[in-house]
Amino acid sequence: MNILAILIPVSLVLGGIGLYAFFWSIKNSQYDDPKGNAERILSDRYDDSPEGD
Amino acid sequence: MSRESAGMAACPACVAVSGSSPPAPKLDLADGPMRRVELSIPTVHCAACISAVERSIGLRPDVFGVRVNLTRKRVSITAADLPDIEDAMIEALEALGYPARPLDSAVLAKSSSEKAGRDLLARLGVAGFAMMNVMLLSISVWAGADGYTRDMMHWISAAIALPAVAFSGYPFYKSAWGALRRGRLNMDVPISLALVLASGISVYETSQGGEHAYFDAALSLTFFLLIGRYLDFRTRATARSAASELAALEVQKARRITDDGEETVPLDALREGDILAVAPGERLAADGVVVWGDSELDPSMLTGETLPQAVGAGAMVRAGMLNISGPIKIRAEGLGEETLLKQITRLVETAETSRNKYTSLAEKAAKIYAPLVHLLALVAFLGWGFATGDWRFAVNVAAAVLIITCPCALGLAVPAVLAAASGRLFAQGVLLKDGVSLERLAEIDTVVFDKTGTLTTGHPVLMNADGLSGPDRKLAAALARHSAHPLSKAIARAFPGDLELEDVKEHPGFGTSATLDGIEIRLGRADWCGAEAGDQTAVWLKAGDAAPVAFYFQDQLRESAAEAVAALKAAGLEVKLLSGDVPAAAEAMARAAGISDWTAQASPAEKVDALSALAKAGHKVLMVGDGLNDAAALAAAHVSMSPASAVDASRSSADMIIINNDLMQVAKSHKIAVASRRRILENFTVAAVYNMISVPLALAGIATPLHAALAMSTSSIVVSLNSMRIGRMK
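Residues numbered from 1 in each chain as written. Chains lettered and ligands numbered in written order. Predicted model: local features only at pLDDT ≥ 70, side-chain atom pairs only at ≥ 80, totals over all residues.

A. Layout of the overall build of chain A. Scanning chain A for helices and strands turns up two helices and zero strands. Counting every position in chain A, which comprises 53 residues, the buried fraction comes to 6%. (Helix = DSSP H or I, 4+ residues; strand = E, 2+ residues; numbered from the N terminus. Buried ≥ 20, exposed ≤ 12 C-beta atoms within 10 Å, placed from the backbone.)

Right, here's the structure in full:
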């Protein structure tokens, strides 16, 4: 059972990283234009920011 | 533009523009003040469109940033703060082939709705993260972990769940508190109670080394309910943005003539006695008297009549009429309460306030559900408490009852169906302003159509082509090609003609004249061609001294009108026609469309009266109309639709807008509405059945957290899948 002492914190940290990434993506307007994003990936123009300004 | 053509190199125009020239040097504007311009560009649809717009606009020296939002069909431009920058941008976009319209940034305050959406999404994310982690821990408990290990799992779960429940459940607590403060119960009261009680009892149980903890149940409850909330929010936000965009589409302005020349002013700024210029193709902004010019006015949007009225100096004219042939100047009069426009506005307002308050299915369900749940939990608590004297166990049972009855499926039942249905309608070309109107639409038993512009296209078509001689056709066609008058265009479309005429002259308000071999030929108004004006829309041709020849016109049914009427009848609905036009025209169109019940010459107020009479007789009416004269009737009906070609007032009082002007959408939307209602009721049944099975278990005190988790997820998934069937409907 000692393995739990390592596995549980590891799973929590991994989940926490995912959660942080999710928050980051919300803050960066990643969900504001889903259709546009789907089309933009076809464009060869380098596109670094969803805000555009 | 069709959906199929979406793709990289979809529209040739986009491709032509996207490979454009190297950037021009930016002028030294960057130091000046900047402004954000938001425009609606309804025709963007592909990756090439995005780069066409962003590159070309971005190259302008007065622009610092461009971003197209394809989901909302909008472009946001950061530009130098010049006075006419918005018009310049619209012009530039139109030059690229994208018609653009200004959006009132105050109305479309980006902040409020988007912030709320992000906020809900964040809470949903936290609930999902916490739920999955706690589930993992719970699985080991269900698998048989006991003693020290189980306590540890519970404590870790508590550490994750308590902050997550507090943060993610906030929208429910807030709404529940709001309801309680006003002394009411809503769906969020039992939800909040369940969340708080489950968390509290679980912490207590954990501290006592107890067997059951409901952390996972509390979190999955929050998660599923937030999904419902988020779907609901998205449907509303789309509807709201559609509504505000429609409101912003037509910015009503008038051209006022002052001593210094002409100026464009908003309608509110008009004063009695102002002289307004109205070019052909423009709508009159105010009631008044013609002071200069001759023309014909099309009153169809105002009264439903299709016969154009000839007006000259001194004639009384009404706001909302369309100027067809010549430029005129009018003196604005009676801007006060007595104008027709104001009267209609007042009618709309009265109709809106007297419209019965509709209780949505969700509200009905909540009304039954909320008291019942509380009662059950209380009974379980008191019953077990008094029967066994074990109050700790009694609280446990009460918490289990609250959690198990909690409306995961109920909370998803309506929003999931409405989200699927409004998405489906939107893809089909119907804008829904409010989810409730879909439920209203499902209840209708009568459909009332307006005639002009709704059942018909509003564009006249030549009727008596067969009765005309060859030379007359040729002459008329040759003359008609020189005029922009809608009737002339209809003639030019009907006959080909390559006759060369000399000395072609337009006489605004009268017609067109020319000479051929020394003979004067006129095409125009009856009195101008020496004929007697009849009660039918007509243009007369007079060649030299010959007797004038009439060209009769009639409005034409929309392509899908008869088909739509037949489909509605097949669906068991009664179809009526309510027109402001003369009886002859109304009857002809009613017959052509297959409608036997028609009323003609109905004024706006009479239309409202007709609808209230129907409502009093117990009918639920769908009104489909487009004119100013329909606006009040649209607001008075049980539910209403407008084609996108309708006037502003109608579009804003209608519940749904048919974007592609196809009348078949009326029948199709009704079908979807009926199907949605059925899905919602099915979902309620699923939720009820699930409660009937699990509530007795909970009341008996044998429900475990595992039961709760299983039942909750299964019913939520079944409900969501059932809702999604709307999107696949044929």
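B. Examining the overall build of chain B more closely. Scanning chain B from N- to C-terminus turns up 24 helices and 26 strands. Of all 730 residues assigned to chain B, the portion counted as buried reaches 47%. In chain B, the share of contacts with a sequence separation of at least 24, taken over all contacts with a separation of at least 6, comes to 68%. (Contact = placed C-beta atoms within 7 Å.)

C. Quick peek at the interface of chain B and chain A. At the junction of the two partners, chain B supplies 24 residues and chain A supplies 24 residues. Listing elements by their share of the side of chain B that touches chain A, those giving two or more residues are α2 (47–58), β2 (63–69), α4 (110–142) and α5 (147–168) of chain B. Per-element accounting of the side of chain B that touches chain A gives the leading share, nine residues, to α4(B). When grouped by side-chain class, the residues that make up the side of chain B that touches chain A number 13 nonpolar, eight polar and three charged. (Nonpolar A, V, L, I, M, F, W, Y, C, P; charged D, E, K, R; others polar.)

D. Structural context of the sheet that holds strand β15 (residues 446–449) of chain B. All names here are of chain B. If you walk across this open sheet you meet the seven strands as β14-β26-β25-β24-β15-β22-β23, and the pairing is mixed. Pairing within the sheet leaves two strands with one partner each, and these edge strands are β14 (430–432) and β23 (597–599). For this sheet, the mean angle separating the axes of adjacent strands, direction not counted, is 20°. Packing of helix α20 (residues 604–616) onto the sheet brings it into contact with β15, β22 (574–578), β23 and β24 (621–624), and relative to β24 it is tilted by some 160°. (Pairing = 2+ DSSP bridges. Axes fitted to C-alpha atoms, helices over the stretch in contact; angles between N-to-C directions.)

E. The arrangement of the environment of T704(B) in detail. All names here are of chain B. Relative to the helices and strands, T704 is located in the loop between α23 (664–699) and α24 (705–724). For T704, a count of 16 C-beta atoms within 10 Å corresponds to the partly exposed category. Taking C-alpha positions, T704 is 10 Å from A217, a pair spaced 487 residues apart along the chain.

F. Here's a closer look at the nonpolar core. If you look at the biggest cluster of nonpolar residues, it comprises 161 residues, and the most contacted ones within it are L219(B), V401(B), I403(B) and A413(B). No other element matches the 13 residues that helix α13 (residues 408–428) of chain B contributes to this core. (Core = buried A, V, L, I, M, F, W, Y, C linked by C-beta atoms within 7 Å.)

G. Representation of the sheet that holds strand β5 (residues 253–258) of chain B within the structure. Residues and elements named next belong to chain B. Read from one edge of the open sheet, six strands run β6-β5-β7-β13-β8-β11, paired in antiparallel fashion. The sheet is open, and its two borders are formed by β6 (261–266) and β11 (316–317), each paired with just one other strand. Pairing geometry for β5 and strand β7 (residues 275–278), over three bridges, is antiparallel. Bridge pairing in β7 links I257 to I275.

H. Structural view of the packing of helix α16 (residues 470–480) of chain B against helix α17 (residues 486–494) of chain B. All names here are of chain B. Following both chains from N to C, one finds α16 and α17 inclined at 125°, their axes separated by 8 Å at the closest point. Judged on the interaxial angle alone, α17 and α16 are oblique. Considering the relative orientation of α16 and α17, their crossing is left-handed. Along the contact surface, α16 presents A476, A477 and A480, while α17 presents S488, I491 and A492. Here the contact of α16 with α17 is built from residues that sort into five nonpolar, one polar and no charged. (Parallel < 35°, antiparallel > 145°, perpendicular 65-115°, else oblique. Left-handed = near helix turned anticlockwise from the far one by under 90°.)

I. Molecular detail of the environment of E262(B). Residue and element names in this part refer to chain B. With respect to the element layout, E262 can be found in strand β6. On a C-alpha basis, the gap between E262 and C46 in space is 41 Å, while along the polypeptide they are 216 residues apart. Setting aside residues no more than four positions away along its own chain, E262 makes contact with R255, I257 and A277.

J. Quick peek at helix α1 (residues 3–27) of chain A. Given a rise of 1.5 Å per residue, 25 residues ought to cover 36 Å, and the 36 Å separating the end C-alpha atoms of α1(A) matches this to within 8%. For α1(A), the tally of buried residues reaches only zero of 25 residues, placing the bulk of the element at the surface. (Expected span 1.5 Å × (residues − 1).)

K. Representation of α5(B) in the model. Over its 22 residues, α5(B) runs 31 Å from end to end, which matches the ideal 32 Å to within 8%, given 1.5 Å per residue. The sharpest bend along α5(B) measures roughly 25° and falls at A161(B), with the proline P163(B) sitting one to four residues further on. (Bend = angle between axes of the 7 residues up to and from the residue.)

L. Seen up close, the packing of helix α12 (residues 391–405) of chain B against α23(B). All names here are of chain B. One way to put it is that α12 packs onto α23 with a least axis distance of 9 Å and a crossing angle of 170°. As summarised for this structure, α12 and α23 are arranged roughly antiparallel, according to the angle between their axes. Every residue of α23 that contacts α12 at V397, A400, V401, I404 and T405 is listed here: N691, S694, V695, A698 and L699. For the contact of α12 with α23, the per-class residue count stands at seven nonpolar, three polar and no charged.

M. Structural detail: the pairing of strand β18 (residues 511–516) of chain B. All names here are of chain B. As paired elements, strand β17 (residues 502–507) and β18 share four bridges and run antiparallel to each other. Across the sheet, H507 pairs through a bridge with G511, a residue of β18. Counting the residues between successive antiparallel strands, the hairpin from β17 to β18 contains three residues, one of them, G509, with a positive phi of roughly 90°. Examined bridge by bridge, β18 and strand β19 (residues 519–524) share six bridges and lie antiparallel to one another. What sits directly across from S513, in β19, is R522. Linking β18 to β19, which pair antiparallel, is a turn of two residues; within it D517 sits at a positive phi near 50°.

N. Unusual backbone geometry, seen in detail. Residues and elements named next belong to chain B. Residue D517 is not a glycine yet carries a positive backbone phi of 50°. Within the secondary structure, D517 is located in the loop between β18 and β19. Of note in the backbone geometry, Q601 takes a positive phi value of approximately 50° without being a glycine. The residue Q601 is located in the loop between β23 and α20 in this model.

O. Up close: the confidence of the model for chain B. Residues and elements named next belong to chain B. Confidence in the prediction of chain B, expressed as mean pLDDT, is 81, and 90% of residues score 70 or more. Contacts from residues 1–27, a stretch scored under 50 in pLDDT, to residues over four places away or in other chains number 37 contacts. Taken over the whole predicted complex, pTM reads 0.75, whereas the ipTM for its chain interfaces reads 0.80. (pLDDT = per-residue confidence, 0-100.)

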